[in-house]
Amino acid sequence: MPPAAERPRAPLPVLFLAVFIDLMGFGIVIPLLPIYAERFAATPFDAGVLVAVYSLMQLLFAPIWGGISDRVGRRPVLLVSLTGSVVSYLLLGLAGSLPMLFVARALAGIAGANIPVAQAYIADVTTEKDRARGMGLIGAAFGLGMVIGPAIGGGLSLVHPRLPEWFAAGLCLVNVLLAAWRLPESLPAERRRARGGFQHPLAASALRAALARPGAGALMVIFFLVTLCFAVLEGTFSLAAKHLYGYDAVHVDALWVYMGLVAVVVQGGLIGRLAKWMPEARIVLLGAVALTIGLACIPFAGGLTRLLPALALIVGGQGLAGPALSSLISKAAEARSQGRVLGVSQSLSSAARVLGPAGGG
């Protein structure tokens, strides 16, 4: 088998587009979920759990999808999970009760837990030198999808209250067809793990195996802490902007768009340039320092001239550290277990996104 550098260039733009469309569908419906829950007389607690169930399913299923992709290949797992997203949005559009909303969001979380598979795809087709840039594409797709999705969802809801769900389902169906047509398999048969009995990747023995490689445990801890710090901002910033700075909903939405654009610039371009002349470990350190400084400045950033740079440091810091850490984790993993190990790291990320907003609140 030829080395990665000699293989034909992988269709990373197709993978980027698939992840972007998937996350744009997520962005279309996520701001509207509390409104949907309210239609069925849900309490504020119910609405919060409805949002959290998505992350909980990702916590459980990200390592499962990653482990399965190590055995059967990346392409079939991506196609199945993208199809699951179509079904979840259809269920959301047809939901006539609060339990059905929970079923739809749980399925969306299961289907959306495919990020480690996309990361493993990138690890399969990039050289170690280019891997951080490739991982940054996932974050850029996430940021761009979360900028465009809510705007589309808000506009469609003015036409018909159920139109955003149907549009998201159609968008994801197009995504399945695109991936089936243009996305080849990245993991050759000779590099796949042998099939055997099922063991959840978060089981104690499986975790020990995943963390046995030198440096893997420390990288996982750092990844969790970086995500946790950023999740605190995600879960509390809208309220902080309202009560600390007096911004209304329009200004808060504009600030979220600004943060999404910063994420796209940093993860889509800056990290690739830095990786050419700076070791990934140093990029992680640079990102962590920027994240720390930005968070420390937030309580004292009364006006936009202080707030915008602080937010740029936070989003940019996380945008540098996250992809570089994913790249390092993939390199620390055994070649036949990259999907499973990246899945464990994404489970930690999901746990941080559950704990961060609660702790910050």
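Basis of the calculations
Residues numbered from 1 in each chain as written. Predicted model: local features only at pLDDT ≥ 70, side-chain atom pairs only at ≥ 80, totals over all residues. Heavy atoms only, no water. Helix = DSSP H or I, 4+ residues; strand = E, 2+ residues; numbered from the N terminus. Rg over C-alpha atoms; globule rule 2.2 N^0.38 Å. Buried < 20%, exposed > 50% of the residue type's maximum accessible area, 1.4 Å probe, protein only. pLDDT = per-residue confidence, 0-100. Contact = heavy atoms within 4.5 Å. Polar contact = N/O pair within 3.5 Å; in protein donor to acceptor, adjacent residues only side chain to side chain. Salt bridge = Lys/Arg side-chain N within 4 Å of Asp/Glu carboxyl O. Core = buried A, V, L, I, M, F, W, Y, C linked by side-chain atoms within 4.5 Å. Phe/Tyr/Trp six-rings, centres within 6.5 Å; stacked < 30°, edge-to-face > 60°. Lys NZ or Arg CZ within 6 Å of the ring centre and 35° of its normal. Axes fitted to C-alpha atoms, helices over the stretch in contact; angles between N-to-C directions. Parallel < 35°, antiparallel > 145°, perpendicular 65-115°, else oblique. Left-handed = near helix turned anticlockwise from the far one by under 90°. Nonpolar A, V, L, I, M, F, W, Y, C, P; charged D, E, K, R; others polar.

Student: What should I look at first to understand the overall build of the protein chain in this one?
Tutor: Along the backbone of the protein chain there are 14 helices and 0 strands. Beginning at the N terminus, the succession of helices and strands in the protein chain can be written as α-α-α-α-α-α-α-α-α-α-α-α-α-α. Taken over C-alpha atoms, the radius of gyration comes to 20 Å for the protein chain, in line with the 21 Å a tight globule of 361 residues would show. Seen through its C-alpha atoms, the protein chain measures out along the principal axes to roughly 55 × 45 × 40 Å. Each of the 361 residues in the protein chain was classed as buried or not, and the buried ones make up 51%.

Student: It is not clear to me how the confidence of the model for the protein chain should be interpreted in this structure. Could you clarify?
Tutor: Low pLDDT means the predicted coordinates in that region are not meant to be read closely. For the protein chain, the average pLDDT comes to 84, and 93% of its residues sit at 70 or higher. For the stretch residues 1-9, pLDDT sits under 50, and the model shows 11 contacts to residues farther than four places along the chain or on other chains.

Student: Is there a simple way to think about the side chain of Ser55 in this case?
Tutor: Along the chain, the position of Ser55 falls in helix H3 (residues 44-72). The exposure class of Ser55 is buried, given its relative accessible area of 16%. What Ser55 contacts, discounting residues up to four positions off in sequence, is Ser350 and Val354.

Student: Please clarify how the side chain of Glu280 should be interpreted in this entry.
Tutor: Checked against the element boundaries, Glu280 lands in helix H12 (residues 280-297). Of note is the side chain of Glu280, whose polar atom sits 2.8 Å from the side chain of Lys331. Setting aside residues no more than four positions away along its own chain, Glu280 makes contact with Glu128, Ala132, Ala324, Ser327, Leu328 and Lys331.

Student: Hey, could you run me through the pattern of salt bridges in this one?
Tutor: Side chains that differ in sign of charge can pair as their charged atoms come close. For the structure on display, the rule yields 5 salt bridges. With a closest N to O distance of 3.2 Å, Arg162 and Glu165 form a salt bridge. One salt-bridge network, held together by shared partners, links Asp70, Arg74, Asp124 and Arg191.

Student: What's the story with the nonpolar core in this structure? I'm lost.
Tutor: One broad trend across soluble globular proteins is that nonpolar side chains are buried collectively. Leu15, Val19, Tyr89, Leu92, Leu101 and Leu183 are the most contacted members of the largest nonpolar core, which totals 54 residues. Looking at this core, the elements that each hand over two or more residues are helix H1 (12-29), helix H2 (33-39), H3, helix H4 (74-94), helix H5 (98-111), helix H6 (115-125), helix H7 (131-159) and helix H8 (163-182). Of all the elements, H1 adds the most residues to this core, at 11 residues. With sequence-adjacent residues up to four places away left out, Leu92 is seen in contact with Val29, Leu33, Tyr36, Leu101, Ala104, Arg105, Arg162 and Glu165. By size, the runner-up hydrophobic cluster in this structure holds 43 residues, among which are Tyr247, Ile283, Leu311 and Leu325.

Student: Is there a simple way to explain the packing of aromatic side chains in this structure?
Tutor: When we look at a pair of aromatic rings, we describe it by the centre distance and by the angle of the planes. What the rule picks out here adds up to 1 aromatic pair. Above the ring of Trp181, the side-chain terminus of Arg182 is found at 5.3 Å from the ring centroid.

Student: Is there a simple way to explain the packing of H4 against H6 in this structure?
Tutor: Think of two packed helices as two axes; the pair is described by the angle between the axes and how far apart they sit. With their axes 10 Å apart at the nearest point, H4 and H6 run at an angle of 155° to one another. By the angle between their directions, the pair H4 and H6 is classed as roughly antiparallel. Regarding H4 and H6, the two cross each other, and that crossing is left-handed. Residue-level contacts link Arg74, Val77 and Leu78 of H4 to Val117, Ala118, Ala120, Tyr121 and Asp124 of H6. Of the residues assigned to the contact of H4 with H6, the class counts are 6 nonpolar, no polar and 2 charged.

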